[in-house]
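Letter by letter, the chains look like this.
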Amino acid sequence: MELPNMLGSRDPLFLTGVTFPPEYPASPETLVKLTVYDVRDKARDNSSFLGSVTFSVSDLLRSKDDQLTLNLRSSDGVLAVGTVLVSRVNMGEMEEGDMDHITADVQQAQKCTLVCESSQGTQNDKDNSPLTGAVFKNPVCKVYKFQTVDSKWMLVREQMEECTLSFSIPRQLLHLYIQEDMRRIQELRDLGELSPHWDNLRKEVIGRYGQVIAAYQETLAELNKITGPSFKPSCSKAQRYLEFIPINLHTQRMRVTCPRQTDAFYDVITVGAPAAHFQGFKGGGLQRLLSRHEAEKKSFSTAYQCIYYSPEHTAKAQEVLHSVGHLQPLISGLADQLLQAAQQHSMAGLREALKNLAGKTEQFVHALKDELVKSALLALHAAQPGYVTKNQNQTLPGHQGHSHQDHPSPSQRGQQGQSPPQNPGHSPGQPSATDSPVVVCNNVDGGSQTAPIREDGQAPLKRQDSIPCHKEYDEEEWDRVWADVAKSLNCVIAMVDKLQEQEPINNNQEQPIPKQVLADVITSHNPEGDWREQLCPLVVRLKECVAEVVVRARRAMTFVLLQEAACSIPQGLFLKQRRDVVFSQALAALACGFVMRLYAGMEDKGFLRQLHLVGLVAQFESLLSTYSEEIGMLEDMEVGISDLHRVAFKITLAKTDNPCDLQPVVIGRRDHYTVEVPLPQLAFQTLPHEIKEGKALQVYPVLFNVGINEQQTIADRFGDISLQERINQRNFEILDSYYKSLSDKVPSECLPCFQTQTDLKDLLETLGQNVVTKKRKNVEILWLAGTICRRLNGIRFTSCKSAKDRTSMSVTLEQCALLRDEHQLNKDYFIRALDCMRSRLTQGEVVCQWDSDPEAACSVAENKPASRHFYPIALLLVSSHLLVVWLILSLVFLLAKYQ
């Protein structure tokens, strides 16, 4: 096998390592061939062969001190061109003084103790169990050895992995988006016949939805074709078919092994900023676009003759639609259980089923008892083709008049008061018995949603003075429907009480009852089997009343969404697509972090208790600047992270232990999603009862942003950083609220222990002071937020534009700080450890090759981090304009460096 290429150095000593992948396990008879190259230019693959040597694993096992000293031979096997020292490392089983033969002092020039580097991981690895292998793929492992303050040695192991959720979550979301929009189209069609104005708007909205569905179906088809790496590299962030995929989503785990201490691990998920990179940021990000669009909707509603609905009303309409779709089948199922218990003459079962039925019906009533439903029913009533004004009724010529006008002019509305009143005692839902042509009101009677047909085959005209005039009529009709639901439920409850009174006494008492008394009881009441017969008509009536309410509420809320969509065309649907893209990237990252944290805490009872009692905090650390296009990225990211509040998690039992059955599944619709995480039976059985019963597990996402690059220096001096300040202050309030809830419900013993003894409350107070302090590049906010997150058993995310340079710098600095603060890293080794971790490939520097698209191939050279970019002055001298630009940028760079 061939070792990874090694960077050149003046020192002849190189340190590297190799592990055997699980699919190729080593045995004593295994032969290992080491080939060494002199790498001149790694980016251009310019290298020359130095020598090679072959040995067997049995030779290494039998060697003294687990070491082999081998001579490299030239290609002809004659000349000795160097020496190779092969050592065997026992991962995770380090004792005092182990591996002292490898020290950083031997190589003062490099000052880096990389003991092992592998792109596969090890077979007996704690972090590569079959459970994690279903979701996390292609591990890249590095092992270091650093000295502590007491001159001992710690073993530090870094492992970075890809996550299959990078693609599986967006695919599932696209499928759900398509299904939801297709249901919305069907709901719009189910509104029935509308006036020409509203019918044209409905057709336009349906056409727009059709375009969105076609685009999503095309994107989904392209994603299903992709095979290869489980992540999207930064060079593909502007590709259309990959816009739903998060950029450079990776997991990073640092495991630390110290003498006389238990192993500790620290996780972080690195991902590019969730943003619509393909669509661009010319007009800003979601936060700005949504605010601007909301201000324009009021004028659009006037132009389209629609009622303006605020975002809260639109969200309420979606919530009502979701509630009726969820609760109606539950009520129907509980009603069937009630009948089944009646058939079995089980009073206990009858009471239990009635209790559940009454509870769900109460939720149903609470969900639909809203003024928005009433007002929407009025608006829908006015939008039907039979709606006319009094003025039109006054000008109708005989019984032939059946024209209508949806929106009368102001002059016509001024003449409406001259219309004759309706006949006294005439029901608004029934036609008049007079021979003169009559215009009747819209029929909203529960028995039929269609108006009666006249003798000439034409639908009769329907009349409404105005929405306020018919308010009493519609409210009475709606109240009648609710009264029917309440009466039906009360009848069911009364019948169950009656049956309980008729129940023979010996069902509740142990003493026997004389046969004569029992016979009298049986003969004096209905024969056996009448329980179901007596309850069945009442239960059927309850189902019918609930169904009638559902039909009316669903049509009303659909009409609300129709008006909202009509006022939003085309900008509204464009923003919805952008929001879908950003949310897809954010949810994929969150699901990856939740699964990683769950797998790591399966044996932590305190963590599991916290998980189902309160939930977890997910802290997103952003390093975006508030300058240029990164402002738009931050605005996108803010909305995407905020939308994650609509997500809950649920742990389920996997069908099998097959990796395909261990993939998380997303269900729900845009207003609420649930991510189901399946676990094998052995792991599932160890969970608390509440989690096994399917309790929804909440996650509280928070976002803290501090720009750190030279663009942020410009923004701090000449720009506006109010966006960053507002984000930090708002999310601090969420974090503080979560801590208060956690303190009330979970004992402090459930939280992890750290060497630093600073109280969590003090840390939060310090963070609160920092988010309101006017200070440039206040990275203390990020340090405090990250520390609090780890102390709260939370999930850590680090992001920048592409999750490469700034992200890798932040992650490595945090890791070295943890080694210093929690594991007594020698202060002389802090910079050495930092240089060592940064000397190799960073977070985004992964060689990839898309099998389906060779043009999307990424090289190490392209993703190689570079903190400084110097351009040849000779090139700049070609143009005086370029020289001026170079001078300005150089000045900015110097100001940022030496401020």
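Check the entry above for the structure.
Residues numbered from 1 in each chain as written. Predicted model: local features only at pLDDT ≥ 70, side-chain atom pairs only at ≥ 80, totals over all residues. Heavy atoms only, no water.

> Explain the packing of helix α3 (residues 165-189) against helix α14 (residues 571-600) here, please?
In helix packing, the relevant descriptors are the interaxial angle and the interaxial distance, both defined with respect to the helix axes. It is at 9 Å that the axes of α3 and α14 come closest, and there the two elements cross at 135°. Regarding the angle of α3 to α14, the classification is oblique. Seen along the crossing, α3 lies across α14 with a hand that is right-handed. On the side of α3, the interface is formed by Leu165, Ile169, Pro170, Leu173, Tyr177 and Asp181, while α14 contributes Lys576, Asp580, Phe583, Ser584, Leu587, Ala588, Ala591, Cys592 and Val595. Grouping the constituent residues of the contact of α3 with α14 by class yields 11 nonpolar, one polar and three charged. (Axes fitted to C-alpha atoms, helices over the stretch in contact; angles between N-to-C directions. Helix = DSSP H or I, 4+ residues; strand = E, 2+ residues; numbered from the N terminus. Parallel < 35°, antiparallel > 145°, perpendicular 65-115°, else oblique. Left-handed = near helix turned anticlockwise from the far one by under 90°. Contact = heavy atoms within 4.5 Å. Nonpolar A, V, L, I, M, F, W, Y, C, P; charged D, E, K, R; others polar.)

> Help me understand helix α21 (residues 760-771) in this model?
Residues lying three or four places apart along an α-helix face the same way, a consequence of the helix completing one turn every 3.6 residues. Its 12 residues place the ends of α21 17 Å apart at the C-alpha level, agreeing with the 16 Å of an ideal helix rising 1.5 Å per residue. Along α21, the residues classified as buried are Leu760, Leu763, Leu764, Leu767, Gly768, Asn770 and Val771. Mapping the buried residues of α21 onto a view down its axis gives an arc of 160°, with all of them on the same face. Looking at the buried positions of α21, the neighbouring elements they touch are β16 (697-705), α20 (722-745) and α22 (780-791). Of the residues flanking the start of α21, the one acting as N-cap is aspartate 759, its side-chain oxygen 3.0 Å from the backbone nitrogen of lysine 761. (Expected span 1.5 Å × (residues − 1). Buried < 20%, exposed > 50% of the residue type's maximum accessible area, 1.4 Å probe, protein only. Arc of directions from axis to C-beta. Polar contact = N/O pair within 3.5 Å; in protein donor to acceptor, adjacent residues only side chain to side chain.)

> Quick question: what am I supposed to make of helix α16 (residues 629-643) here?
The end-to-end C-alpha distance of α16 is 22 Å, a good match for the 21 Å that 15 residues give at a rise of 1.5 Å each. In terms of burial, α16 is a largely internal element, 12 of the 15 residues being buried. Three or more residues of α16 are buried, namely Glu630, Gly632, Met633, Leu634, Glu635, Asp636, Met637, Glu638, Val639, Gly640, Ile641 and Asp643.

> In this structure, what is going on with the packing of α20 against α21? I would like to understand it.
As a packed pair, α20 and α21 sit with axes 10 Å apart at the nearest point and diverge in direction by 165°. With respect to α21, the element α20 is oriented roughly antiparallel. As for the relative orientation of α20 and α21, their crossing is left-handed in sense. On the side of α20, the interface is formed by Asn728, Gln729, Phe732, Leu735, Asp736 and Tyr739, while α21 contributes Leu760, Lys761, Leu764, Leu767, Gly768 and Val771.

> Would you mind showing me how to read the environment of lysine 692 here?
Along the chain, the position of lysine 692 falls in helix α18 (residues 689-692). Accessibility expressed as a relative area gives 28% for lysine 692, which makes it partly exposed. Sequence-wise, lysine 692 and isoleucine 651 are 41 residues apart; in three dimensions their C-alpha atoms are separated by 6.9 Å. With near-sequence residues (within four places) excluded, lysine 692 lies in contact with Phe684, Gln685 and Leu687.

> So what exactly am I meant to see when it comes to the pattern of salt bridges here?
A side chain of one charge can pair with a side chain of the opposite charge when the charged atoms of the two come close. For the structure shown, the criterion picks out 30 salt bridges. For aspartate 181, the salt bridge goes to arginine 670, with nearest N and O atoms at 3.0 Å. With aspartate 181 in helix α3 and arginine 670 in the loop between β14 (665-669) and β15 (672-679), this residue pair connects regions lying 489 residues apart in the sequence. On the basis of relative accessibility, which here comes to 2%, the residue aspartate 181 falls in the buried class. For arginine 670, a relative accessible area of 13% gives the class buried. (Salt bridge = Lys/Arg side-chain N within 4 Å of Asp/Glu carboxyl O.)

> Explanation requested: the packing of aromatic side chains in the structure shown.
Two numbers describe a pair of aromatic rings. These are the distance of the centres and the angle of the planes. As enumerated under the stated definition, the model contains 11 aromatic pairs in all. Three or more aromatic residues joined by ring pairs form one cluster here, namely Tyr177, Tyr216 and Phe244. A cation sits over an aromatic face here: arginine 597 above phenylalanine 607, 4.2 Å from the ring centre. Taking the ring centre of tyrosine 829 as reference, the NZ or CZ of arginine 832 above it sits at 4.8 Å. (Phe/Tyr/Trp six-rings, centres within 6.5 Å; stacked < 30°, edge-to-face > 60°. Lys NZ or Arg CZ within 6 Å of the ring centre and 35° of its normal.)

> Explanation requested: the pairing of β14 in the structure shown.
Across a regular strand the side chains alternate sides, sitting on one face of the sheet and then on the other. When β14 meets β15, the two strands line up antiparallel, connected through five bridges. Following the sheet pairing, arginine 669 is matched in β15 by histidine 672. Between β14 and β15, which pair antiparallel one after the other, the connecting turn spans two residues. (Pairing = 2+ DSSP bridges.)

Structural measurements only, silent on function.
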